[in-house]
Amino acid sequence: MFSRQVSLSQITIISVCFNSSGVLPEMLNSIPDGVPTILVDNASDDVEAVQELAETHGAILLRNKENKGFGSACNLGAERAQTDLLLFLNPDSKLLPGALEAMQAGADRYPSASAFNPRILSKSGKPSFRRSSVITPRSETLRSKKAEGDLELPVLLGAALLVRRSAFEAVGGFDPEIFLYHEDDDLSLRLKAVCGPLYYIHDAQVTHVQGTSSPSSAAVAGLKGVFMGQSRVYAARKHKVPFAFTRALSSALLQMLSPVVLFSARKRSKQRAFLRGVWQSRNVHPAPFKSPPV
């Protein structure tokens, strides 16, 4: 029978919060007793409620005076962790029974791997994993659309990302220049190039109700759209994707023509902002990532 106590856990859970007090209780309730948990609040309006939740569940709360982005907050949480493994977990996610034990077993089973995704389930129970990314070559796209067991992945989802602390530190953690979006793509590619392959652990299950970790509105969607556009160009150029700006601009313009945009104020706001974010990044040229010599 599954035990709530994981006294020998080698996993620290790190979760970044931004006005997330409404979804945090379910996530925190799913964490077995004794598992170190660090919450990093990005200057939320509801930080007092998050503080209360942290105290109730025995979690450490780190409070940023300003919102410096998802990756920077993750890095701050990782600095406080002392375990061999770090699990970056979205506040709108929930661990299913045995998830941490299965992740620990997967990390032990693949000692050369640098990072992992559990089986991430949507609200309807549909599993998901990354088969490709806008910054990965088409030749590296995973052919399989289903997984009956563990498998190697080309890129990881950030909603529930398990990484060896030594590998995370070796690549310098998340890129603080990426405020939001594609920070998991960038980290995945650097981990894979420098420290070892990425794996999907089938027996470890986590639910993720996408899009509920922060409030949903046309204004918030617009803000996220700008960051999405900026991050796409930045990450693509960093990883030397050909025609990075042109491809992002074409994608933004095509999405603006979607009929769905006409009937949703939130989607209109997001797509216009995405286009604006792409355009604002036309002259941004980050230092390219250099893979280590083979």
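Source: prediction; values computed, not measured. (Residues numbered from 1 in each chain as written. Predicted model: local features only at pLDDT ≥ 70, side-chain atom pairs only at ≥ 80, totals over all residues. Heavy atoms only, no water.)

Visitor: When you look at the packing of aromatic side chains in this model, what are you seeing that I'm missing?
Guide: The relation between two aromatic rings is expressed through the spacing of the ring centres and the mutual angle of the planes. Under the definition given, this model contains eight aromatic pairs. Here the aromatic residues Phe 70, Phe 88, Phe 168 and Phe 174 are joined through ring pairs into a cluster of three or more. (Phe/Tyr/Trp six-rings, centres within 6.5 Å; stacked < 30°, edge-to-face > 60°.)

Visitor: Is there a simple way to think about the confidence of the model for the chain in this case?
Guide: Should pLDDT be low for a region, the predicted coordinates there are not to be read in detail. With 95% of its residues at a pLDDT of 70 or more, the chain shows a mean pLDDT of 92. Below pLDDT 50 for its whole length, residues 1-8 participates in 17 contacts with residues either more than four positions away or in separate chains. (pLDDT = per-residue confidence, 0-100. Contact = heavy atoms within 4.5 Å.)

Visitor: Explain the pattern of salt bridges here, please?
Guide: Proximity of charged atoms lets side chains of opposite charge pair with each other. Counting across every chain of the model gives ten salt bridges. Here Asp 185 ties to Arg 130 by a salt bridge, and the two come within 2.6 Å at their closest N and O atoms. Highlighted residues: Asp 185 in helix 6 (residues 183-194) and Arg 130 in the loop between strand 7 (127-128) and strand 8 (151-153), separated in sequence by 55 residues. Across the pair, exposure class does not vary: Asp 185 and Arg 130 are buried alike. Here Arg 165 and Glu 169 are joined by a salt bridge, their closest N and O atoms 3.5 Å apart. Here Arg 165 pairs with Glu 169, and both are found in helix 5 (residues 165-170), just four residues apart, close to one helical turn. Within this structure, Asp 175, Asp 186, Arg 190 and Lys 238 form a network of salt bridges that share partners. (Salt bridge = Lys/Arg side-chain N within 4 Å of Asp/Glu carboxyl O. Helix = DSSP H or I, 4+ residues; strand = E, 2+ residues; numbered from the N terminus. Buried < 20%, exposed > 50% of the residue type's maximum accessible area, 1.4 Å probe, protein only.)

Visitor: I tried to follow the side chain of Arg 232 on my own but got confused; where do I start?
Guide: By the element assignment, Arg 232 lies in helix 7 (residues 218-238). Although buried, Arg 232 forms no salt bridge, and the nearest oppositely charged side chain, Asp 185, lies 9.2 Å from it. Not counting residues within four places of it along the chain, the set of residues in contact with Arg 232 comprises Val 134, His 182, Arg 247, Ala 248, Ser 251 and Phe 274. (Lys, Arg positive; Asp, Glu negative; His and termini not counted.)

Visitor: What's the story with the pairing of strand 4 (residues 85-89) in this structure? I'm lost.
Guide: Side-chain direction in a regular strand flips from residue to residue, so the side chains alternate between the two faces of the sheet. Most of strand 4 sits inside the fold, with five of its five residues counted as buried. Burial along strand 4 is two-sided: the residues Leu 85, Leu 87 and Leu 89 and Leu 86 and Phe 88 are all buried. Taken together, the four bridges between strand 1 (residues 11-17) and strand 4 define a ladder with parallel strand orientation. Residue pairing across strands places Ile 11 opposite Leu 85, the latter belonging to strand 4. Alignment of strand 4 against strand 9 (residues 160-164), held across five bridges, turns out to be antiparallel. Its bridge partner lying in strand 9, Leu 86 is registered against Val 163. (Pairing = 2+ DSSP bridges.)

Visitor: What exactly am I supposed to notice about the packing of helix 8 (residues 244-256) against helix 10 (residues 265-280) here?
Guide: Packed helices, taken two at a time, are described by the angle their axes make and the gap between the axes. Viewed as axis vectors pointing N to C, helix 8 and helix 10 meet at an angle of 160°, and their least axial separation amounts to 9 Å. Classified by the angle their axes make, helix 8 and helix 10 are roughly antiparallel. Taken as a pair, helix 8 and helix 10 cross one another with a handedness that is left-handed. On the side of helix 8, the interface is formed by Phe 245, Ala 248, Leu 249, Ser 251, Ala 252, Leu 253, Gln 255 and Met 256, while helix 10 contributes Gln 271, Arg 272, Phe 274, Leu 275, Val 278 and Trp 279. (Axes fitted to C-alpha atoms, helices over the stretch in contact; angles between N-to-C directions. Parallel < 35°, antiparallel > 145°, perpendicular 65-115°, else oblique. Left-handed = near helix turned anticlockwise from the far one by under 90°.)

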